[in-house]
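# Chains, contacts and geometry: an overview
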Amino acid sequence: MSEKIYAAFRSIGAYVPKKVLTNQDLEKMVDTSDEWIVKRTGIKERHIAEDNESTSDMATKASEIAIKRAGLSAKDIDLVVCATVTPDYFNMPSTACLISDKLGIKNVQAFDISAACSGFVYALSVAKAFIESAMKKNVLVIGAEKFSSIIDWNDRNTCVLFGDGAGAAVIGATTNKEEAFIDVHASADGSYWDFLITPAPGSVNPATHAAIEEGLQFVKMKGNETFKLAVKTLTKDVKEILAKNNIEGKDIPHFVPHQANYRIINAVGNALNMSENQVVLTVHKYGNTSAASIPMAINDIYESGKLKSKELMLLDTFGGGLTWASALIPFAPKEND
Ligand code: ACO
């Protein structure tokens, strides 16, 4: 009988655009204040991509780092999955195809996942399934967003919240159970579809002059309703994944939540009795980068030397759809062969 194959989180990489947009900059653009933004969200600044810098450009840079850190080259990758709601092109081609081309990956399956902020963890669940079924060996999983491209810079309800960036991970096959993903749980409730929406372009509202003039291409969010549901759903979800796997909150060295709002992170962290040093926080410097937020946060703890081999990460996320997901995954860089 052949040995069981598991998915292992081999490496992480990220790309953060250079340009910084501070709360003070936003004070000059809309009726807002640094005090309001910090108090309600924890965000102090966010990074914004250049006009000629696309989601796939940022994703490619993050991917190059992740592939190198995994000790691999582009030719070793046999599946490319990109989570994004700000693709280079809204209908086709997929951003994953563009990233593959920029990386020189040819004749390999590539596709996008649309699950808003939950996209990266959704993509991890896909990588796990492909690897455990022995269909693929080295999956490149990307979360990348140019959220600034769908922001109405006159709408204070949304323009203060989001930023741009990309993160990527290589998920590899292993027969060593100690390296294996412990669990990934991804879910959705489409009845809340209108809580977070870009109404155009799409089959409901094609890209007509009228649609653009109405600003339907910009993100709209029922912020307060989303906030309440996020706290309730995430608290239940992380408690469930921990209980199912007989792990306690105190035993998690790295709780990496989606970085939308400090108050949501705090509420969920408190419900798990997490101490401050267990919770990874990047929302103050990147804002909400949607699907890129979790891999960018993992990259931060990796580059600062806090994330060590075999240490466990608890990921949790919530976003448009509505979608949510959580995961228990050890960091498992490949030991020297
Ligand atoms: N500056 C100043 N005042 C503002 C601003 C601003 N930038 N934005 C809103 N306000 C005002 C509102 O107009 C409102 O004024 P009113 O009381 O006179 O009507 C007041 O502040 C309070 O507004 P709320 O929306 O109730 O504020 P809340 O405390 O809920 O904070 C926020 C808003 C930050 C958006 C919060 O609700 C939130 O974080 N929601 C969840 C976001 C999230 O997790 N989204 C999912 C992931 S995103 C994705 O999937 C792409």
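Residues numbered from 1 in each chain as written. Predicted model: local features only at pLDDT ≥ 70, side-chain atom pairs only at ≥ 80, totals over all residues. Heavy atoms only, no water.

This part covers the pattern of salt bridges. Applying the stated criterion across every chain, the model contains twelve salt bridges. The partner of Lys128 in a salt bridge is Glu132, and the shortest N-O contact between them spans 3.3 Å. Here Glu132 and Lys128 lie together in helix α5 (residues 119-132), a separation of four residues that amounts to about one turn. Put simply, Glu248 and Lys250 hold a salt bridge, and the shortest N to O gap is 4.0 Å. Of the residues examined, Glu248 reaches a relative accessible area of 48% and is grouped as partly exposed. (Salt bridge = Lys/Arg side-chain N within 4 Å of Asp/Glu carboxyl O. Helix = DSSP H or I, 4+ residues; strand = E, 2+ residues; numbered from the N terminus. Buried < 20%, exposed > 50% of the residue type's maximum accessible area, 1.4 Å probe, protein only.)

Enumeration according to the criterion identifies six aromatic pairs in this entry. Arranged with centres 6.4 Å apart and planes meeting at 20 degrees, the rings of Phe318 and Trp324 form a pair that is stacked. Phe318 sits in the buried class, given a relative accessible area of 7%. Among the aromatic residues, those joined into a cluster by ring pairs are Phe9, Tyr302 and Phe331. (Phe/Tyr/Trp six-rings, centres within 6.5 Å; stacked < 30°, edge-to-face > 60°.)

Another aspect to go through is the nonpolar core. Core analysis: the largest hydrophobic core is formed by 39 residues, its most contacted members being Ile252, Phe255, Leu314 and Leu328. Looking at this core element by element, the count peaks at seven residues for helix α8 (residues 223-244). Discounting chain neighbours no more than four positions away, the residues touching Leu314 are Val238, Ile241, Leu242, Ile252, His254, Phe255, Val256, Leu272, Met274, Ala327 and Leu328. In terms of nonpolar packing, the next biggest core, distinct from the first, is built from 34 residues, Val184, Val280, Ile298 and Ile301 among them. (Core = buried A, V, L, I, M, F, W, Y, C linked by side-chain atoms within 4.5 Å. Contact = heavy atoms within 4.5 Å.)

The topology assignment puts Thr95 in helix α4 (residues 95-103). Excluding residues within four positions of it along the chain, Thr95 makes contact with Thr55, Ser56, Cys82, Thr84, Pro87, Asp88 and Asp112.

In the region of the ligand, 29 residues are neighbours, and Thr32, Arg40, Cys117, Asn224 and Asn261 sit closest. Measuring from an oxygen atom of the ligand, one finds a side-chain N or O atom of Arg40 at 2.7 Å. Within the backbone of Gly320, an N or O atom sits 2.9 Å from an oxygen atom of the ligand. Protein contact buries 76% of the 1000 Å² of open area that the ligand shows by itself. Looking at the shell around the ligand, the elements with two or more residues in it are α2 (34-41), α6 (156-159), α8, α9 (262-271) and β12 (312-319). Among the elements that make up the shell around the ligand, the one with the highest residue count is α8 (four residues). (Near = heavy atom within 4 Å. Polar contact = N/O pair within 3.5 Å; in protein donor to acceptor, adjacent residues only side chain to side chain. Areas by Shrake-Rupley, 256 points an atom, 1.4 Å probe, with all protein chains shown as cover.)

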